[in-house]
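Single-letter residue listing:
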Amino acid sequence: QVQLVESGGGLVQAGGSLTLSCAASVRTDDTYTWGWFRQTPGKERSFVACRNPFPGVTRYEDSVEGRFFISRDSAKDTLYLQMNSLKPEDTAVYFCAASSTRVLTALPDDYDYWGQGTQVTVSS
């Protein structure tokens, strides 16, 4: 069973940068689609970004495109989310996830493995 652990969350001032990491407990399938999602109190978990290794393409939610960048180090089996020009509305609990469907999907239900989440708070 794949277990994912996020790290790197914290408090940052608006306009600042932060990089989140997601480490797998065991070696994962290099064909997985990897994603980042976020959730705020009282709201559903929403898509942020995802990456698929086959075509080597990425997909971003409109509000983060150009500011956030998803990447993966296969040697370390670690997923990253680099967040730049952070805004207060980016405040949320961020989750990493892996999908065995092996398609570039933004749907939470398509993801099989999830991390526990890490809090990101952006102050104004």
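Positions within a chain are numbered from 1, following the residues in the order the chain's sequence is written. It should be noted that, the model being predicted, local features are given only for residues of pLDDT at least 70 and side-chain atom pairs only at 80 or more, the latter also being counted only at that level, while totals for whole chains, interfaces and linings use all residues. To obtain the side-chain values, all non-hydrogen atoms of the structure were included, while hydrogens and water were left out.

### Description of the pairing of strand β8 (residues 78–83)
Okay, so step 1: The pairing of strand β3 (residues 18–24) with β8 spans six bridges and is antiparallel. Bridging from a neighbouring strand, Leu 20 pairs with Leu 81 of β8.
Okay, so step 2: In short, DSSP must find at least two bridges between two strands for them to pair. Secondary structure elements follow DSSP: runs of H or I no shorter than four residues count as helices, runs of E no shorter than two count as strands, and numbering proceeds from the N terminus. Counting the residues in the hairpin turn of strand β7 (residues 68–73) and β8 gives four residues, including Asp 77, whose phi is positive at 50 degrees.

### Re the nonpolar core
Okay, so step 1: Here, nonpolar core refers to any group of buried Ala, Val, Leu, Ile, Met, Phe, Trp, Tyr and Cys residues whose side-chain atoms link them within 4.5 Å. For the exposure calls, accessible area comes from a 1.4 Å probe over protein chains only, and a residue counts as buried if that area is under 20% of its type's maximum, exposed if over 50%, partly exposed in between. In terms of nonpolar packing, the biggest core is built from 27 residues, with Leu 4, Trp 36, Leu 81, Met 83 and Tyr 94 touching the most fellow members.
Okay, so step 2: If you look at the next biggest cluster of nonpolar residues, it comprises six residues, including Phe 37, Phe 47, Cys 50 and Ala 106.

### A few points about the sheet that holds β3
For sheets, the rule is that strands pair by backbone hydrogen bonds, running either parallel or antiparallel.
Okay, so step 1: If you walk across this open sheet you meet the four strands as β1-β3-β8-β7, and the pairing is antiparallel. Of all strands in the sheet, those bounded by a partner on one side alone are β1 (4–7) and β7. For this sheet the average axis-to-axis angle between neighbouring strands, irrespective of direction, equals 15 degrees. Simply put, an axis is a line fit to the C-alpha atoms, just over the touching stretch for a helix, and the angle between two N-to-C directions goes from 0 to 180 degrees.

### Thoughts on the environment of Gly 10
Okay, so step 1: As for its position among the elements, Gly 10 is in strand β2 (residues 10–13).
Okay, so step 2: It is 15 Å that separates the C-alpha atoms of Gly 10 and Glu 89, two residues lying 79 residues apart in sequence.
Okay, so step 3: For Gly 10, the contacting residues outside a window of four places in its chain are Leu 18, Gln 119, Val 120 and Thr 121. In this analysis, two residues are considered to be in contact whenever any of their non-hydrogen atoms come within 4.5 Å of each other.

### Brief notes about the pattern of salt bridges
When their charged atoms lie close together, side chains carrying opposite charge are able to pair.
Okay, so step 1: We count a salt bridge whenever a side-chain nitrogen from Lys or Arg sits within 4 Å of a carboxyl oxygen from Asp or Glu. Inspection of the entire model under this criterion finds three salt bridges.
Okay, so step 2: One salt bridge in this structure joins Asp 90 and Arg 38, with 3.0 Å as the shortest N-O distance. With Asp 90 in the loop between β8 and β9 (92–99) and Arg 38 in strand β4 (residues 33–39), the pair connects residues that are 52 residues apart, well separated along the chain. The residues Asp 90 and Arg 38 share a single accessibility class, namely buried.
Okay, so step 3: Here the residues in one salt-bridge network are Arg 38, Arg 67 and Asp 90, joined through shared partners.

### Section: the state of the cysteines
Linking two cysteines covalently via their sulfur atoms produces the bond known as a disulfide.
Okay, so step 1: A pair of cysteine sulfur atoms is labelled a disulfide when the two atoms are within 2.5 Å. Counted according to the given criterion, the structure contains one disulfide.
Okay, so step 2: Through a disulfide, Cys 22 is tied to Cys 96; the S-S separation comes to 2.0 Å. Measuring handedness by torsion sign, the sulfur bridge of Cys 22 and Cys 96 sits at about 60 degrees and is right-handed. One end of the pair, Cys 22, is in strand β3; the other, Cys 96, is in strand β9, and 74 residues separate them in sequence.
Okay, so step 3: Summary of cysteine pairing: Cys 50 is not part of a disulfide, and the nearest cysteine sulfur, belonging to Cys 96, is at 14 Å.

### Comments concerning the environment of Leu 81
Okay, so step 1: Structurally, Leu 81 is set in strand β8.
Okay, so step 2: Taking the C-alpha atoms as reference points, Leu 81 and Leu 18, 63 residues apart in sequence, are found 8.3 Å from one another.
Okay, so step 3: With residues near it in sequence (within four places) discarded, Leu 81 still touches Leu 18, Thr 19, Leu 20, Trp 36, Val 48, Ala 49, Phe 68, Phe 69, Ile 70 and Tyr 94.

### Quick notes on the pairing of β4
Okay, so step 1: Along β4, six of the seven residues are buried, which leaves the element largely enclosed by surrounding structure.
Okay, so step 2: Of the pairings in the sheet, the one linking β4 to β9 comprises seven bridges and is antiparallel in character. Looking at β9, one finds that Gln 39 is bridged to Val 93.
Okay, so step 3: For β4 and strand β5 (residues 46–52), the ladder comprises five bridges, and the chain directions are antiparallel. Looking at the pairing, Trp 34 lines up with Arg 51 of β5.
Okay, so step 4: Remark: six residues form the turn of the hairpin made by β4 and β5, two consecutive strands paired antiparallel; Gly 42 in that turn has positive phi of roughly 80 degrees.

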